[in-house]
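Now for the letters of each chain:
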Amino acid sequence: MYKFKDSEITPEHVFLNRRKFMSAGVSAGLSATLLGLPSLASEEDLIPNKYEDIISYNNYYEFSTSKEGVKPLVGDFKTSPWEVQIEGAFDKTGTFDLNDVLAGLAKQDRIYRFRCVEGWSMVVPWNGFRLADILNKFGLQSSAKYIAFQTVERPEEMPGMRYRSLDWPYREGLRIDEAMHDLTLMATGIYDKDIPAQNGAPMRLVVPWKYGFKSIKSIVKISAVTEEPYATWNQTNSREYGFYANVNPNVDHPRWSQATERPLGGGLLAGRVDTKMFNGYDEVASLYSGMDLKKFF
Ligand SMILES: Nc1nc2c(c(=O)[nH]1)N[C@H]1C(S)=C(S)[C@@H](COP(=O)(O)O)O[C@H]1N2
Ligand SMILES: [Mo]
């Protein structure tokens, strides 16, 4: 799988000092001051969660439905070599080694808030590639209206798959403008280390303005299609989980409020904080102008 060069590796303490402006797409491990940028006084600092916390509290039902139960079960999961199928409305389709899929694309470092529909959140320093760069590399055609994604199915390596907790394989989808948005990332690393199996190795989607279940892990198939694709949680229970699934504090889950969230690692006394519309990524609001976000949730 993709390996970062030594020169690209940033020590953890540098990440801890990076600020929100990184998520606006400014890469490189320099502070806003060093880059001569105005400090974004209205934006709070984004302090990433500890690496150990990010890799120990996971949703990955192919292994376990327990968040602490995923990491102990990933030992047999082989993530290298890895092939990805590119299908549908692309000039170039077929099955490709992941290294060839990513070769030549610009590496991205993005510190993103991540909000699960269950009401917990964390801040993750991801490394990866723009999904748009991957789609363009294979010659995305203008007939494509949605991108569909699929997770690998290896029951012999993924012990949770023996239970019918979901209709395997895990599948997700994005509308084409969402897929092409600069914020939409294919993550291959966390804290400049290869992304661990429990977080979706070797490559998983990250869509920071949507609930976490849209961010599908361990992707083996990317299809450009014309109809809204199957999306696992939406199809499992469409009353509780929408296809769009934009983070929205004003639309409650039928069984709990979405107005607040519990930041991971906050400790027993830290309590809850307000959830922001689009998880704080207001720049995506224009994608949904004219849509009733209470209806298309
Ligand atoms: N294939 C697959 N992808 C998945 C899931 C899953 O169970 N299987 N869980 C989703 C949910 S609900 C969340 S919140 C995030 C969790 O990502 P993390 O474990 O890296 O925090 O992964 C998403 N992607
Ligand atoms: Mo989630």
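Refer to the structure printed above.
Given the structure is predicted, the values throughout are model-derived calculations rather than measurements.

### Topic: the nonpolar core
For step 1, the next point in the chain: Residues Trp126, Phe149, Met186, Leu205, Trp209 and Ile222 are the most contacted members of the largest nonpolar core, which totals 80 residues.
For step 2, the next point in the chain: The element best represented in this core is strand β4 (residues 120-130), accounting for five residues.
For step 3, the next point in the chain: If near-sequence neighbours (up to four positions away) are discounted, leucine 205 is found in contact with Leu131, Phe149, Leu174, Thr184, Leu185, Met186, Lys214, Ser215, Ile216 and Ile219.

### Remarks on the environment of glycine 271
For step 1, the next point in the chain: Assignment of secondary structure puts glycine 271 in the loop between β11 (260-263) and β12 (273-274).
For step 2, the next point in the chain: The exposure class of glycine 271 is partly exposed, given its relative accessible area of 37%.
For step 3, the next point in the chain: Measuring from C-alpha to C-alpha, the distance between glycine 271 and glutamate 261 comes to 8.6 Å, with ten residues separating the pair along the chain.
For step 4, the next point in the chain: Among residues more than four places away in sequence, those in contact with glycine 271 are Arg262 and Pro263.

### Structural notes on the side chain of lysine 210
For step 1, the next point in the chain: Inspection of the secondary structure puts lysine 210 in the loop between β9 (204-206) and β10 (219-225).
For step 2, the next point in the chain: The buried category is assigned to lysine 210, whose relative accessible area is 2%.
For step 3, the next point in the chain: A polar side-chain atom of lysine 210 sits 2.8 Å from a polar atom in the side chain of glutamate 178.
For step 4, the next point in the chain: Separated by 2.7 Å, the side chain of lysine 210 and the backbone oxygen of tyrosine 244 make a polar contact.
For step 5, the next point in the chain: Once residues within four sequence positions are removed from consideration, lysine 210 is found in contact with Arg115, Leu174, Glu178, Tyr244, Ala245, Asn246, Val247 and Tyr288.

### Observations concerning the pairing of β10
For step 1, the next point in the chain: The element β10 is extensively covered by neighbouring structure, given that six of its seven residues are classed as buried.
For step 2, the next point in the chain: Examined bridge by bridge, strand β1 (residues 83-88) and β10 share four bridges and lie parallel to one another. Paired with glycine 88 across the two strands is alanine 224, which belongs to β10.

### Some words on the packing of aromatic side chains
For step 1, the next point in the chain: If you walk through the whole model with that rule in mind, you get 16 aromatic pairs.
For step 2, the next point in the chain: Seen from their ring centres, tyrosine 57 and tryptophan 120 are 5.1 Å apart, and the 85 degrees between their planes marks the pair as edge-to-face. Here the residue tyrosine 57 occupies a position in the loop between α2 (51-54) and β1, and tryptophan 120 occupies one in strand β4, the gap between them amounting to 63 residues. For the residue pair tyrosine 57 and tryptophan 120, the accessibility class agrees, reading buried in each case.
For step 3, the next point in the chain: Note on phenylalanine 77 and tryptophan 82: the rings are 6.1 Å apart at their centroids and 85 degrees apart in plane angle, and the pair reads as edge-to-face. The same class applies to phenylalanine 77 and to tryptophan 82, which are both buried.
For step 4, the next point in the chain: Clustering of aromatic rings is evident, with ring pairs tying together Tyr146, Phe243, Tyr244, Phe278, Tyr288 and Phe296.
For step 5, the next point in the chain: Cation over ring: lysine 193 sits above tyrosine 51, and NZ or CZ is 4.8 Å from the ring centre.

Rules used in this analysis
- Residues numbered from 1 in each chain as written.
- Chains lettered and ligands numbered in written order.
- Predicted model: local features only at pLDDT ≥ 70, side-chain atom pairs only at ≥ 80, totals over all residues.
- Heavy atoms only, no water.
- Core = buried A, V, L, I, M, F, W, Y, C linked by side-chain atoms within 4.5 Å.
- Buried < 20%, exposed > 50% of the residue type's maximum accessible area, 1.4 Å probe, protein only.
- Helix = DSSP H or I, 4+ residues; strand = E, 2+ residues; numbered from the N terminus.
- Contact = heavy atoms within 4.5 Å.
- Polar contact = N/O pair within 3.5 Å; in protein donor to acceptor, adjacent residues only side chain to side chain.
- Pairing = 2+ DSSP bridges.
- Phe/Tyr/Trp six-rings, centres within 6.5 Å; stacked < 30°, edge-to-face > 60°.
- Lys NZ or Arg CZ within 6 Å of the ring centre and 35° of its normal.

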